[in-house]
Amino acid sequence: MAMGETPITVTGNLTSDPELKFTASGAAMAKFTVASTPRTYDRESSQYRDGTSMFMRCSAWRHLAEHVAESLTKGMRVIVSGRLRQLDWQNDQGENRSMLVMEVDDIGPSLTFATATVAKSAPRNNAGKPTGGGDVWNTAPAPDGGENPPF
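Parameters and conventions
- Residues numbered from 1 in each chain as written.
- Predicted model: local features only at pLDDT ≥ 70, side-chain atom pairs only at ≥ 80, totals over all residues.
- Heavy atoms only, no water.
- Helix = DSSP H or I, 4+ residues; strand = E, 2+ residues; numbered from the N terminus.
- Contact = heavy atoms within 4.5 Å.
- pLDDT = per-residue confidence, 0-100.
- Phe/Tyr/Trp six-rings, centres within 6.5 Å; stacked < 30°, edge-to-face > 60°.
- Buried < 20%, exposed > 50% of the residue type's maximum accessible area, 1.4 Å probe, protein only.
- Core = buried A, V, L, I, M, F, W, Y, C linked by side-chain atoms within 4.5 Å.

**Q** Describe in detail the environment of Val34, supporting the description with residues and values.
**A** Relative to the helices and strands, Val34 is located in strand 3 (residues 28–36). Between the alpha carbons of Val34 and Met76 there is a distance of 9.5 Å; along the sequence they are 42 residues apart. If near-sequence neighbours (up to four positions away) are discounted, Val34 is found in contact with Val10, Thr11, Gly12, Asn13, Leu14, Met54, Phe55, Met56, Cys58, Val78 and Val80.

What follows is the structure in structure tokens.
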């Protein structure tokens, strides 16, 4: 991470299915929004109360984008880690606009109220193409022919 970047982790629910798109050069990009609502217990009423929801617009790139689109759907509770970026633009009326977005470094399902089954993907090169090499973990037999790994 570069100096001066703003790291952030958000836990919340996907507001819709991730939207997968491809750039002209073929790079995958997934856009999605995570809604995070604080919940506190009110002892006087013996009930939980929801606070103000925060909606964080997120973007993931390349193979992470493809994995997000294949694995996550609307309503899933996720933990997202990334960096805040400010986008600036002018609208059609010439007014300056800006918004914060999270550039996602890592994301996964929250296991607080769910279970998950993880499947490793095929290794990929820098261009995002499968390398054709097998598993990303060393699954070759131990040098002594036994079942214990060499570490």
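**Q** I'd like a rundown of the confidence of the model for the protein chain, residues and numbers included.
**A** When pLDDT is averaged along the protein chain, the result is 86; 81% of the residues meet or exceed 70. In the model of the protein chain, strand 4 (residues 39–42) stands out as the element of lowest mean pLDDT, 92, in contrast to strand 3, which has the highest, 97.

**Q** Could you give me a rundown of the packing of aromatic side chains, with the residues and numbers involved?
**A** According to the stated counting rule, one finds one aromatic pair in the structure shown. Pairing Tyr41 with Tyr48 gives two aromatic rings, centres 5.1 Å apart and planes at 65 degrees, and the pair type is edge-to-face. Residue classification places Tyr41 among the partly exposed residues on the basis of a relative accessible area of 44%. By relative accessible area, Tyr48 is classed as exposed at 55%.

**Q** Kindly report on the nonpolar core, identifying the contributing residues and their values.
**A** Among the nonpolar cores identified, the biggest contains 18 residues, and Phe32, Val34, Cys58, Val68, Val80, Val104 and Ile107 are the most heavily contacted of them. Elements that contribute at least two residues to this core include exactly strand 1 (6–14), strand 3, strand 6 (54–61), helix 1 (62–71), strand 7 (77–90) and strand 8 (96–109). Counting residues per element, this core draws most heavily on strand 3, which supplies four residues. With residues up to four places along the chain from it excluded, the contact list for Val68 reads Pro18, Ala30, Phe32, Ala60 and Ile107.

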